[in-house]
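# Observations on chain architecture
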Amino acid sequence: MSDSHDNLEAIEQAVEFFNKKSVSAVLHAGDIVAPFTARAFKELDAKLYFVFGNNDGDRLLLKEWFEDFGAQCCKDFGDLHIEGRRIALLHGIYEEQVKAIAASGMFDVVVRGHTHDAGVVTDYGTPIINPGETTGLLTGRRTVALLDLESLDVEIVEL
């Protein structure tokens, strides 16, 4: 998921969806925005990993409140090892950086946000997954992505 932008209703909807799907991990690609949204993520049954986005203000308090219930703050970049896969997690403000990470061959998957446009790009040797925006304010669609770590199949889901 990405770009939830303080939308508690959308976050709660995403958390409910992930819990119903019994996912093992949720990656948030930034722009959570305010620390108070941590309360909506507390109901998540899966491990939560997150990075900061360009709209995240009080990063210190975000880190503290989210880590208080077991979420892992990856700051600006997450180099994650989940179920035998190496995953890069970043907000993705700079397209050249996203492309370079994907082209490096170091990661099985790159998860990014920022553009609010849901989709998967595979032009750089590694799938780049953008789950779109959880908030739904710019595109009118609340979306998340489901990744099968075995097959690397991705499904963009509208909530």
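Everything discussed here concerns the structure shown above.
My aim in this report is to walk through the structure given alongside it, one point at a time. Quick caveat: nothing in here was measured; it's all calculated off a predicted structure.

## A short note on the overall build of the protein chain
Counting its regular elements, the protein chain contains four helices and ten strands. For the protein chain, the sequential pattern of α-helices and β-strands runs α-β-α-β-α-β-β-β-α-β-β-β-β-β. The globule rule puts the C-alpha radius of gyration for 159 residues at 15 Å, and the 14 Å found for the protein chain is close to it. By residue count, 49% of the 159 residues in the protein chain fall in the buried class. Taking as baseline every contact in the protein chain between residues at least 6 positions apart, the subset at least 24 positions apart corresponds to 49%.

## Some remarks on the sheet that holds strand S4 (residues 77–82)
Taken in spatial order, the five strands line up as S4-S5-S6-S8-S7 in an open sheet, and their pairing is mixed. Of all the strands in the sheet, the pair left with one neighbour each is S4 and strand S7 (119–121). In this sheet, neighbouring strand axes are inclined to one another by 25° on average, regardless of whether the strands run parallel or antiparallel. Here six bridges tie S4 to strand S5 (residues 85–90), and the two strands are oriented antiparallel to one another. Among the inter-strand pairings, Phe77 is bridged to a residue of S5, identified as Leu90. In this fold helix H4 (residues 95–103) packs onto S4, S5, strand S6 (109–111) and strand S8 (128–130), with an angle of close to 175° to the strand it touches most, S5.

## Re the sheet that holds strand S1 (residues 25–28)
Ordered by their spatial adjacency, three strands build an open sheet running S1-S2-S3, and the pairing between neighbours is parallel. Edge positions in the open sheet fall to S1 and strand S3 (72–73), since each of these has one partner strand only. The pairing of S1 with strand S2 (residues 47–50) spans four bridges and is parallel. Across the sheet, residue Val26 finds its bridge partner in S2, namely Leu48. Along the sheet face, helix H3 (residues 59–67) touches S2 and S3 and points at about 170° away from the line of S2.

## With respect to the packing of aromatic side chains
In total, this model carries six aromatic pairs according to the counting rule given. Relative to Phe69, the ring of Phe66 lies with its centre 5.7 Å away and its plane at 45°, an arrangement referred to as tilted. Ring geometry for Phe77 versus Phe107: centroids 5.9 Å apart, planes at 75°, classification edge-to-face. Of this pair, Phe77 sits in strand S4 while Phe107 is found in the loop between H4 and S6, placing the two residues 30 residues apart along the sequence. On the accessibility criterion, Phe107 (8% relative accessible area) is buried. Here the aromatic residues Phe41, Phe50, Phe52, Phe66 and Phe69 are joined through ring pairs into a cluster of three or more. Residue placement shows Lys47 over the ring face of Tyr49; its charged tip is 5.8 Å from the ring centre. Sitting over the ring of Phe107, Arg86 keeps its end group 4.7 Å from the ring centre.

## With respect to unusual backbone geometry
At Ser22, a residue that is not glycine, the phi angle is positive and equals roughly 55°. You can see Ser22 is positioned in the loop between helix H1 (8–21) and S1. A relative accessible area of 63% places Ser22 in the exposed class.

Definitions and cut-offs
Residues numbered from 1 in each chain as written. Predicted model: local features only at pLDDT ≥ 70, side-chain atom pairs only at ≥ 80, totals over all residues. Heavy atoms only, no water. Helix = DSSP H or I, 4+ residues; strand = E, 2+ residues; numbered from the N terminus. Rg over C-alpha atoms; globule rule 2.2 N^0.38 Å. Buried < 20%, exposed > 50% of the residue type's maximum accessible area, 1.4 Å probe, protein only. Contact = heavy atoms within 4.5 Å. Pairing = 2+ DSSP bridges. Axes fitted to C-alpha atoms, helices over the stretch in contact; angles between N-to-C directions. Phe/Tyr/Trp six-rings, centres within 6.5 Å; stacked < 30°, edge-to-face > 60°. Lys NZ or Arg CZ within 6 Å of the ring centre and 35° of its normal.

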